[in-house]
Amino acid sequence: MAGNFWLSSHCNQWIWDREELDIDRREDVLKLGSIANYQKVMTLLINFIQEIGEKIPVRQQVIATATTYFKRFYTKYGLKSVDPILMAPTCLILAAKVEESGSIPGGSNKIINNTQSALKRFPCFEGNDFIYTVKSLTMAEFYLLECMDCCLIVYNPYRPLLQYVEDFGHREKVLQLAWRICNDLLRTDVPLIYAPHQQALAALYMSAISLDIDCRQWFVELTVPMDPIVDIVNELMVFYGLMRPYNEGKGNSIEKSQEAKELYQRTPKPVIKEPSRN
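Residues numbered from 1 in each chain as written. Predicted model: local features only at pLDDT ≥ 70, side-chain atom pairs only at ≥ 80, totals over all residues. Heavy atoms only, no water.

Caption draft 1: How the structure looks around the overall build of the protein. Secondary structure summary: the protein contains 15 helices and zero strands in total. Compactness check: the protein gives a C-alpha radius of gyration of 19 Å against a globular reference of 19 Å for 278 residues, within 12% of the reference. Based on the C-alpha atoms only, the size of the protein along its principal axes is roughly 65 × 40 × 35 Å. Of the contacts formed within the protein by residues at least 6 apart in sequence, a portion of 78% connects residues at least 24 apart. Element-wise, carbon and sulfur atoms account for 50% of the exposed surface of the protein, whose accessible area totals about 13,600 Å². Computed over 30 positive and 33 negative side-chain charges, the inter-centroid distance for the protein is 7 Å. (Helix = DSSP H or I, 4+ residues; strand = E, 2+ residues; numbered from the N terminus. Rg over C-alpha atoms; globule rule 2.2 N^0.38 Å. Contact = heavy atoms within 4.5 Å. Areas by Shrake-Rupley, 256 points an atom, 1.4 Å probe, with all protein chains shown as cover. Lys, Arg positive; Asp, Glu negative; His and termini not counted. Charge placed at Lys NZ, Arg CZ, Asp CG, Glu CD.)

Next up, the structure:
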């Protein structure tokens, strides 16, 4: 991994500004009716990646990198280019190779089995069968590599978060919540717009505030621009507001909602021919 984010391909080739994102996603947003609906669909798909990754299992770092690949791909090419149900496990396969320097134990067959199992948790998706083969995954991986221009190093916020928490203190109190907030940021556009250390600082700030820990002086002494931190916090709060109706009540989730099923039916998709298993 390159030692400096600011000199990396992540920084110089794979950071968007908000206007660029709006332009690249315009067709998908129009088909779904609003940016809020687009965010809901992407949240469903990222939750699907998380579910597969936890079933394999792989480290959260791998899941985060896979999620970033997934968001980059569909921002650049649109949802109708490749079936997201195929691209989700494909991103995990590639991320595992990059982050763990090796293939997932059990190989593609294990990925297929765990993807099939994960699909049962998502009744909003059409059908409950993963129709793709090992060959399908291999072809999708080559397509993903081409899209990424082999720029595979992703800087996630977890490492800077650990470093900041060591300096901030209150590790036992703030780290777990801040880590979960970093996971929540994956469901937003934040990883495509902001540097990983900014994401980590926003997560630490929200964690400290939520736990009633005074962090004002520490941030003053850190001498980092606060505007991006505030923007990240605001974006995450908008996301929490968007998800609140699905999180109220025991057993509720966006995956089980009728709205999610209807939105996924409206989602642009490629024409799929079921592959032969011969």
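Caption draft 2: Quick look at helix α14 (residues 227-247). Given a rise of 1.5 Å per residue, 21 residues ought to cover 30 Å, and the 29 Å separating the end C-alpha atoms of α14 matches this to within 8%. Within the sequence span of α14, burial applies to P228, I229, I232, V233, E235, L236, F239, L242, M243 and Y246. The secondary structure elements touched by the buried residues of α14 are α2 (18-24), α4 (35-55), α10 (171-185), α11 (190-193), α12 (196-210) and α15 (258-266). (Expected span 1.5 Å × (residues − 1). Buried < 20%, exposed > 50% of the residue type's maximum accessible area, 1.4 Å probe, protein only.)

Caption draft 3: Here's a closer look at the packing of aromatic side chains. Taken as a whole and judged by the stated rule, the model has 19 aromatic pairs. Here F48 and F125 contribute two aromatic rings whose centre-to-centre distance is 5.4 Å and whose plane-to-plane angle is 80 degrees, an arrangement assigned as edge-to-face. One end of the pair, F48, is in helix α4; the other, F125, is in the loop between α7 (107-119) and α8 (134-148), and 77 residues separate them in sequence. Plain terms: the ring middles of Y77 and Y143 are 6.0 Å apart, the flat faces sit at 40 degrees to each other, and that makes the pair tilted. Pair noted here: Y77 is in helix α5 (residues 60-77) and Y143 is in helix α8, with a separation of 66 residues, a long-range link. Judged by relative accessible area, which is 30%, Y143 ranks as partly exposed. A network of ring pairs unites the aromatic residues F70, F73, Y74, Y77 and Y143 as a single cluster. Seen from the ring of Y264, K269 lies directly overhead, with NZ or CZ sitting 4.4 Å from the centre. (Phe/Tyr/Trp six-rings, centres within 6.5 Å; stacked < 30°, edge-to-face > 60°. Lys NZ or Arg CZ within 6 Å of the ring centre and 35° of its normal.)

Caption draft 4: How the structure looks around the pattern of salt bridges. Counting across every chain of the model gives ten salt bridges. The salt bridge involving E51 is made with R121; its shortest N-O contact spans 3.1 Å. Linking E51 in helix α4 with R121 in the loop between α7 and α8, this pair joins segments that are 70 residues apart in sequence. Residue classification places E51 among the buried positions, given a relative accessible area of 12%. Two residues, R171 and E166, come together in a salt bridge whose shortest N-O distance is 2.6 Å. According to the relative accessible area criterion, R171 is partly exposed, its value standing at 36%. Beyond isolated ion pairs, a larger network of salt bridges with shared partners links R18, R25, D189 and E235. (Salt bridge = Lys/Arg side-chain N within 4 Å of Asp/Glu carboxyl O.)

Caption draft 5: Representation of the nonpolar core in the model. In terms of nonpolar packing, the biggest core is built from 92 residues, with L45, F48, Y69, F70 and F125 touching the most fellow members. Of all the elements, helix α6 (residues 84-100) adds the most residues to this core, at ten residues. When residues no more than four places from it in sequence are discounted, the contact partners of L45 are F70, L79, P84, I85, F125 and Y264. (Core = buried A, V, L, I, M, F, W, Y, C linked by side-chain atoms within 4.5 Å.)

Caption draft 6: Seen up close, the environment of D189. Tracing the backbone shows D189 in the loop between α10 and α11. Residues D189 and L236, spaced 47 residues apart in sequence, show a C-alpha to C-alpha distance of 9.3 Å. Leaving out residues up to four positions away in the same chain, D189 has contacts with R18, L21, R25, Q39, K71 and E235.

Shape is all these values report; function is a separate question.
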